[in-house]
Each structure stands twice: as structure tokens, then as C-alpha cells.
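# Structure at a glance
Chain by chain, the residues:
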Amino acid sequence: MMSTAATLVSAPASAPVRSAGRIRSIDALRGLVILLMLVDHAREFFFIHAQVSDPMDVEATSPALFFTRLSAHLCAPIFVALTGLGAWLYGNKQAQAGAGHAARSASGFLLKRGLFLVALELTVVGFAWSFSFTPQIIYLQVIWAIGLSMIALAALVHLPRPALIAVGLVIVLGHNLLDPIILAAGQPGHVLWAILHDRGFIDLPWGAQARTSYPLLPWIGVAALGYGIGPWFAGEQKARLRRLVLTGLGALALFIVLRAINLYGDPTPWAVQATPLQTVMSVLNLTKYPPSADFVLLTLGLGALILAGLERAPDRWVGLLAVFGGAPLFFYLIHLYGLHLLNLAALALFGANQGDGFGVPNVAWLWLLAAGVAVPCWYACRWFAGVKRRSPHAWMKYL
């Protein structure tokens, strides 16, 4: 790790970090995790017959499926952290242009876009998963969590930066102390607690239920930490790389310490298994809903190192990934609808081959399928980014 850190900090820069007002390494990191998300969502549509439980069952899950699912764990934490970082960059850009105070500009943007994302989750995104206008279960997933995190961050950005970072760290590292608190349906505070920390079902007035797939509280902390590192990206690149590498190594070191102690950091303790590989899987079997302290340390630690690496990566690869990351919400929508329609088309053409649905035979096929879907999505994202860049409409920035 230390030799890698030294290489990242000392290697010559390969390309300008900024392009068309955007930081390409950030877009590239967002694009990388978007592609991992695509693989995981291909699993949701085409591998439902071998569904992965949460937490993953080490004894029952094949290593290929386990590590495929594990790779997708990078997506939400990195994306939420980059949401916070993007808000700081937006506010700073507005301030430099004389369009208002940085925190006030960021707060207004966060509030409006957060509300927009919550509405999007309850309509367009929800329909993409179910293709039903009256689903019996409404899943409140990552777009919902990002939207509510942005709304919370809209208030937190007015704190002094050290206080904001402290709040983020306390939430991320300390929220597992709240794990013993469980409020059953019907108890006072159940709805609020299900939204904040205890993944569960909420009864709705018309007889349906809402499933809080992404309990909110830890994601607010992640977004706050992303906002807190914003000034690193307004300064000199070498200092930023050093901070990213040290932060990444520090997070991974703390993860190793907490996981080795095996007493705090994740509600699922690891245990020695029948084989060394299964023992490694047990160590890495971290709780995502809500994301445990260990989960966030591992994923954001890796994310910081990957981001540092992307600032030194060949310009061609950074550019390819940045196309996806430059239009993330657009990609999210088109890939969901594309996968769902593709699955329905396969079912109509070939019939059910896995129970009542159509599925691919193994994990390798999931990666091939995702690669095939990624190609047209790349061209679509490139087109949309151009449309968005040329548009005179202010509302386009929310997409």
C-alpha cells in the first residue's frame, strides 16, 4: 500500500484534471462505480433465481457471485460522497462567479435537487423496477437516500467546515451504537426510525407498504464528509493527491483494526469458516442496510485511493469513464428501463428458463450482459451530456 501511495503522489500528471468546467477524475470515478452498479442491476433482472441475501450467506453463495455483489458495494458510498463533493464544487463555482455565497448557493441547489430526486424515486425510478402503476410494495432505494441526504446536507453546509466534518465522522463511525434500538410497527416513532436507521416496512394508507431499503442516517454522514473534502479540489493537485492517499490508507487501516477486533463496526461479526476463501468472504461480509462503520471505511477508503489513481491514469481511460460519470442520472434511468425491457424481450422470445422468469446461466454471463448494455449507454450519455451542456435552461442542471 505504501509503495502504491508513493507512486500515486510522485508520478507525473498525465492530463489536465479539468475539462469543460468539470473535474474529469471525479466523473471517471463516478463512471467506474456506475458500471459496477450496472453489473449488480443485471443480476437483479437476470439472476433472480440465485438472489443474494443481505447480508450475504457465505456458506450458500458461490465466490463468483459473492465478489460480484461485493464489487457493487463501492457504488452507493462513493456516489453519495461525490454528491457532497459536487455540492461544494457547485457552491464554490457560484461564489467565484459572483453569483452568491458558496454555502448559500450549495444549500439552495441541494434542497431543490434533493426534492427532485425524492419525487423521481417515487415515480419514474419506482416504475422502472416494477412496471406497475399500483405496486404493493414501494421500495425506497438509493435515489431516495441521495435525495434526502441532499436535503439534510442543505442545512449542514451552514456549519463551519470542522464542525461539518465532525458531524459526518460521528454519524458514520458512531451510528452502529444505535443498532439495538428496534421499533416495531405500531410503536411510536416506528416510521421515523425505519426511515433513519432500521430497514423495514411502513404501512401506507391505501393498503400498500413502503420498504426503506436504504435507511438514511449513515448516508447523511457520508454526504457531509464528501462536502467536507471539497476545498482539496480547489488547491494544488499534489497536495490533493497526498490527502486522498493518506485518507484512503487511514480509512483502510481503521477498517482492518475494527474488523480484527470483531467487537464493533459491523453488526455481523466474522468467523473462521471451512476454507480460507470462505473466511475471507466472512470478513468482507459487511452490512450495507444501513451501511456499517466498517462498510463505509472499506468502500470510501478504496474510493479515495481509486480517485487519486484516476488523477494520474491515462487520459484515454479517464475520458471513457468520464462520459458515464458526466450524465449519471440519465444513465441510471436508461439502464434500468433498458435492462427491464431486455429481460421482458428475452422472456417473450425464449420463454422462462429459470422458474417463471428468464435468467442467464452463470455469473460470467452477467458481466458480459452488462458490458453489452454499457456500449449503447455510453453513446447515449455522450449525446445527452452535449445536450445538457448546450441547453440554456437552468432546470437541465438538475439532470
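What counts and what doesn't
Residues numbered from 1 in each chain as written. Predicted model: local features only at pLDDT ≥ 70, side-chain atom pairs only at ≥ 80, totals over all residues. Heavy atoms only, no water. Helix = DSSP H or I, 4+ residues; strand = E, 2+ residues; numbered from the N terminus. Phe/Tyr/Trp six-rings, centres within 6.5 Å; stacked < 30°, edge-to-face > 60°. Buried < 20%, exposed > 50% of the residue type's maximum accessible area, 1.4 Å probe, protein only. Lys NZ or Arg CZ within 6 Å of the ring centre and 35° of its normal. Expected span 1.5 Å × (residues − 1). Contact = heavy atoms within 4.5 Å. Lys, Arg positive; Asp, Glu negative; His and termini not counted. Salt bridge = Lys/Arg side-chain N within 4 Å of Asp/Glu carboxyl O. Axes fitted to C-alpha atoms, helices over the stretch in contact; angles between N-to-C directions. Parallel < 35°, antiparallel > 145°, perpendicular 65-115°, else oblique. Left-handed = near helix turned anticlockwise from the far one by under 90°. Nonpolar A, V, L, I, M, F, W, Y, C, P; charged D, E, K, R; others polar. Patch = residues over 30% accessible without salt bridge, like charges linked within 9 Å, V, L, I, M, F, W, Y side chains within 5 Å. Areas by Shrake-Rupley, 256 points an atom, 1.4 Å probe, with all protein chains shown as cover. Charge placed at Lys NZ, Arg CZ, Asp CG, Glu CD. Core = buried A, V, L, I, M, F, W, Y, C linked by side-chain atoms within 4.5 Å. pLDDT = per-residue confidence, 0-100.

## Re the environment of Ile23
- Here Ile23 shows up in strand E2 (residues 22–23).
- C-alpha separation for the pair Ile23 and Gly326, spaced 303 residues apart in sequence, amounts to 9.7 Å.

## Focus: the packing of aromatic side chains
- Summed over the entire model, instances satisfying the criterion amount to 15 aromatic pairs.
- Between Trp383 and Phe384 the ring centres are 6.3 Å apart and the planes differ by 55°, which places this aromatic pair in the tilted class.
- Its relative accessible area of 52% is what places Trp383 among the exposed residues.
- Cluster of aromatic residues (ring-pair linked, three or more members): Phe127, Phe131, Phe133 and Tyr337.
- The aromatic ring of Phe79 is capped on one face by Arg30, whose charged end is 5.8 Å from the ring centroid.

## Looking at helix H9 (residues 217–228)
- Relative to the 16 Å expected for twelve residues at 1.5 Å per residue, H9 spans 17 Å between its end C-alpha atoms, a close match to the ideal helical length.
- Of the positions making up H9, those classed as buried are Leu217, Pro218, Trp219, Ile220, Gly221, Val222, Ala223, Ala224, Leu225, Gly226, Tyr227 and Gly228.
- In the core, the buried residues of H9 are packed alongside helix H4 (75–96), helix H5 (102–130), helix H6 (142–156), helix H7 (161–174), helix H8 (190–196) and helix H12 (293–311).

## Comments concerning H6
- Here H6 spans 20 Å end to end across 15 residues, near enough to the 21 Å set by a 1.5 Å rise per residue.
- Counting buried residues in H6 gives twelve out of 15 residues, a clear majority hidden from the surface.
- Of the residues making up H6, those classed as buried are Val142, Ile143, Trp144, Ala145, Ile146, Gly147, Leu148, Ser149, Met150, Leu153, Ala154 and Leu156.

## Topic: the side chain of Glu121
- Residue placement: Glu121 occurs in helix H5.
- One buried charged residue, Glu121, remains without a salt bridge, the closest side chain of opposite sign being Lys288 at 12 Å.
- In this structure, Glu121 is in contact with Gly126, Tyr139, Gln141, Val142, Ile143 and Trp144, ignoring residues within four places of it in sequence.

## Looking at the packing of helix H2 (residues 24–46) against helix H13 (residues 315–325)
- H13 packs onto H2 with a crossing angle of 70° between their chain directions and a minimal axis gap of 6 Å. Between H2 and H13, the crossing angle belongs to the class labelled roughly perpendicular. Of the two elements, H2 crosses H13, and the hand of that crossing is left-handed. Contact residues: H2 offers Arg24, Ser25, Asp27, Ala28, Arg30, Gly31, Leu32, Ile34 and Leu35, while H13 offers Asp315, Val318, Gly319, Leu321, Ala322, Phe324 and Gly325.
- Partitioned by chemical class, the residues of the contact of H2 with H13 number eight nonpolar, four polar and four charged.

## Quick word on a positive patch on the surface
- A contiguous patch of positive charge, built from Arg161, Lys238, Arg242 and Arg243, is present on the exposed surface.
- Inspection of the secondary structure puts Lys238 in helix H10 (residues 237–261).
- Among the residues examined, Lys238 registers a relative accessible area of 44% and is labelled partly exposed.

## So, the nonpolar core
- In terms of nonpolar packing, the biggest core is built from 119 residues, with Phe46, Leu153, Tyr227, Phe233, Phe324 and Phe331 touching the most fellow members.
- At twelve residues, the largest contribution of residues to this core is made by H2.
- Sequence-distant contacts of Phe331, that is, excluding residues within four places in its chain, are made with Ile34, Met37, Leu38, Phe324, Cys377 and Cys381.

## Some words on a nonpolar patch on the surface
- Residues Leu254, Val257, Ile261 and Leu263 make up a contiguous nonpolar surface patch of about 390 Å² in total accessible area.
- Looking at where Leu263 falls in the secondary structure, it is placed in the loop between H10 and helix H11 (276–284).

## Re the confidence of the model for the protein
- Mean pLDDT over the protein: 91, with 94% of residues reaching 70 or higher.
- Within the model, pLDDT remains below 50 along residues 1–17, and this stretch shows 34 contacts once partners closer than five positions in the same chain are excluded.

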